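Residues per chain are reported as follows:
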Amino acid sequence: MSSAPPHPPPTSDTKDRTWVLDEACPECGFDAAAVERGPLAETVRSNAEAFAMALRAPHPTRRRHDVTWSTLEYACHVRDVHRIFDERVRLMLDHDEPLFVDWDQDETARAERYDLQDPAEVALALVEAADAVATTYDGVPAGAWGRRGLRSNGSEFTVDSIARYHLHDVVHHLHDVAGAVTVAAYDVAVAGYREQTQDLIPDNVREALDAFAAALPEHARVLEIGSGSGRDARLLVEHGLRVRRTDVTPAFVEALRADGVEADLLDPLTDDLTDPARPGETTPYDGTWANACLLHVARADLPLVLTRLAAVTRPDGLLRLSLKEGDGEGWSTHGSVTTPRRFVYWREQPLRHALAGAGWSVVELVHTEGLRGDSWLNVVAQRSELGQEGSS
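Sequence order as written defines residue numbering, which begins from 1 separately in each chain. A pLDDT threshold of at least 70 governs which residues receive local features in this predicted model, and a stricter bar of 80 or more applies before side-chain atom pairs are shown or counted, although totals over entire chains, interfaces and linings include all residues. No hydrogens and no water enter the side-chain calculation; it runs on all heavy atoms of the structure.

Caption draft 1: Spotlight on the overall build of the protein chain. Every helix listed is a DSSP run of H or I at least four residues long, and every strand listed is a run of E at least two residues long, numbered separately from the N terminus. What the protein chain contains, in helices and strands, is twelve helices and eleven strands. For this measure, only C-alpha atoms enter the radius of gyration; the expected value for a globule follows 2.2 Å times N^0.38, where N is the number of residues. In summary, the protein chain has a C-alpha radius of gyration of 23 Å against a globular reference of 21 Å for 392 residues, a match within 12%. Counting only C-alpha atoms, the protein chain reaches 75 × 50 × 45 Å along its principal axes. Three labels apply to residues, based on accessible area from a 1.4 Å probe with only protein chains included: buried if under 20% of the type maximum, exposed if over 50%, partly exposed otherwise in between. Each of the 392 residues in the protein chain was classed as buried or not, and the buried ones make up 51%. The contact definition used throughout considers only heavy atoms, calling two residues in contact when any of these lie within 4.5 Å. For the protein chain, the share of sequence-separated contacts (at least 6 apart) that also reach a separation of at least 24 residues comes to 69%. Values of accessible area rely on a 1.4 Å probe in the Shrake-Rupley scheme; residue burial ignores everything except the protein chains shown. For the protein chain, the exposed surface amounts to about 18200 Å²; the carbon and sulfur share of it is 50%. When charges are counted, Lys and Arg are positive and Asp and Glu negative, with His and the chain ends excluded. By convention, the charge on Lys lies at NZ, on Arg at CZ, on Asp at CG and on Glu at CD. A distance of 2 Å separates the average location of the 39 positive side-chain charges in the protein chain from that of its 64 negative side-chain charges.

Caption draft 2: Just the pairing of strand S3 (residues 221–224), in detail. Of the two faces of S3, the one lined by Arg 221 and Leu 223 and the one lined by Val 222 and Glu 224 are each fully buried. Paired strands, in this sense, are two strands between which DSSP finds at least two bridges. In this structure, S3 lies alongside strand S4 (residues 242–247), joined through four bridges in parallel fashion. Across the sheet, residue Glu 224 finds its bridge partner in S4, namely Arg 245. A crossover gets the label right-handed when its path from the first strand over the helix to the second runs clockwise, viewed with the strands pointing away from the viewer. In this view, the connection linking S3 to its parallel neighbour S4 by way of helix H9 (residues 231–238) has right-handed handedness. Sheet topology note: the S3/strand S6 (residues 285–290) ladder contains three bridges and is parallel.

Caption draft 3: The packing of helix H1 (residues 40–54) against helix H4 (residues 119–138), seen in detail. The convention used is that axes are lines fitted to C-alpha atoms, helices contributing only their stretch in contact, and that angles between N-to-C directions extend from 0 to 180 degrees. At a minimum axis separation of 8 Å, H1 and H4 run at an interaxial angle of 175°. Here H1 lies roughly antiparallel to H4, going by the angle between them. In this structure, H1 contributes Leu 40, Ala 41, Val 44, Arg 45, Ala 48, Phe 51 and Ala 52 to the contact, and H4 contributes Ala 123, Leu 126, Val 127, Ala 130, Asp 131, Val 133, Ala 134, Thr 135, Tyr 137 and Asp 138. Looking at the contact of H1 with H4 residue by residue, the classes come out as 13 nonpolar, one polar and three charged. For classification purposes, angles smaller than 35 degrees are called roughly parallel, those larger than 145 roughly antiparallel, those between 65 and 115 roughly perpendicular, and all remaining angles oblique. Just so you know the grouping, Ala, Val, Leu, Ile, Met, Phe, Trp, Tyr, Cys and Pro go in nonpolar, Asp, Glu, Lys and Arg go in charged, and all remaining residues, Gly too, go in polar.

Caption draft 4: Looking closely at helix H8 (residues 203–215). Spanning 13 residues, H8 covers 18 Å between terminal C-alpha atoms, matching the ideal 18 Å at 1.5 Å per step. Here H8 has its buried residues at Val 205, Ala 208, Leu 209, Phe 212 and Ala 213. Take H8 and look down its axis: the buried residues cluster within an arc of 125°, on one side only. More than 90 degrees from the buried face of H8, the exposed residues found are Asp 203, Glu 207, Ala 214 and Ala 215. Buried positions along H8 lie against S3, H9, S6 and strand S7 (313–324). Given the number of residues in a helix, its expected span is that number minus one, multiplied by 1.5 Å. As used here, the arc is the angular range of directions from the helix axis to the C-beta atoms.

Caption draft 5: Structural view of unusual backbone geometry. Notably, His 59 is not glycine yet its phi reads approximately 55°, a positive angle. With respect to the helices and strands, the residue His 59 is situated in the loop between H1 and helix H2 (71–94). Residue His 59 is classed as partly exposed on the basis of its relative accessible area of 43%.

Caption draft 6: How the structure looks around the pattern of salt bridges. Here a salt bridge means any side-chain nitrogen of Lys or Arg lying within 4 Å of a carboxyl oxygen belonging to Asp or Glu. Counted under the stated rule, the structure contains 24 salt bridges. Between Arg 221 and Asp 275 there is a salt bridge, with its nearest N and O atoms 2.5 Å apart. In this pair, Arg 221 sits in strand S3 while Asp 275 sits in the loop between strand S5 (263–265) and S6, placing the two residues 54 residues apart along the sequence. Of the two residues, Arg 221 and Asp 275, both sit in the buried class. We note a salt bridge from Asp 286 to Arg 278, for which the minimum N-O separation is 3.9 Å.

Caption draft 7: View of the environment of Asn 153. By the secondary structure assignment, Asn 153 is in the loop between strand S1 (148–150) and strand S2 (156–158). With relative accessibility at 48%, the residue Asn 153 sits in the partly exposed group. Between the C-alpha atoms of Asn 153 and Leu 99, which are 54 residues apart in sequence, the distance is 10.0 Å. Within 3.5 Å is the distance limit for a polar contact, defined as a pair of N or O atoms, with the added protein rule that one can donate a hydrogen and the other accept it, and that residues adjacent in sequence qualify only through two side-chain atoms. Side-chain polar atoms of Asn 153 contact the backbone nitrogen of Ser 155, separated by 3.0 Å.

Written out as structure tokens, the structure reads:
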């Protein structure tokens, strides 16, 4: 085992979360009362498969925030959660009102060095542990769901309630790593996605491209977030713009490079956004193009992403982004990407507030209908002078 020092531990969570059995979780949306026993085991198994996908995304050991775990650490935790709950449920089935042994999840993470474990091995073990506890749930006799067990802090569970409590834990942590799941979903579907989108250009996107290019200086330098198939960058270049193509999905970047164009693997939340073609410039871009990509960014993270984009854009520079309109967030499979991706929905006023606070002044915000009948918010914003608008 490596002697490297462990990551600083995230803030220890000592809250009693049994309240999730009585009300929906405001963070991940899990509603224990809505859980049906029939698909319970399959939900546990599919959750594990999604975690295995997340571990295929780039940088599974990287923490996006000091106070949260990395994808790898979350996966290790979920693997162990499955093992702990499998043991507890079997105790409840075999014994009358057993008392569960204490489990300190933070101490386990430190002692077992979650941060140094092998992602591939963790993925296999997590799926195996999930299948084991799912099999236990499959085997609960109809009359045994009310059998009781006790936690050392006095919390009382039945087999039914501990299953719902268990499910919230793993669903909540899948919510925590949803960005990595989404990246991996694109990574395995690049060929089909490129084929589907290369020449499919909705009229409103073409019009937005034309207007964006017309509003920028000749030969302006543009940072593209989420280049994907490369379609939009190709059209921007045809307008005479110089485009830095970037994507958080490795396979997209590799495909673009195979097409003979430069492209960078880049996460706008964590990576250095300054332009390698303009070393030393603090505001190297005249504009940023982010079409249908930032809709995968967690709601709490989008303001930071917008702030970071403003910091590398010249005063009066432009931002064009499009997000799905609606409330909350959800998982979706459609088109050529058959693995679930996380979509975050926005309403106009919260989005305007986030943009203003990040240093952008909205020039235009248009509501449009998408190809599948969904609603979109299409925004053109201008970098406020010194990026200070709305920051007070």
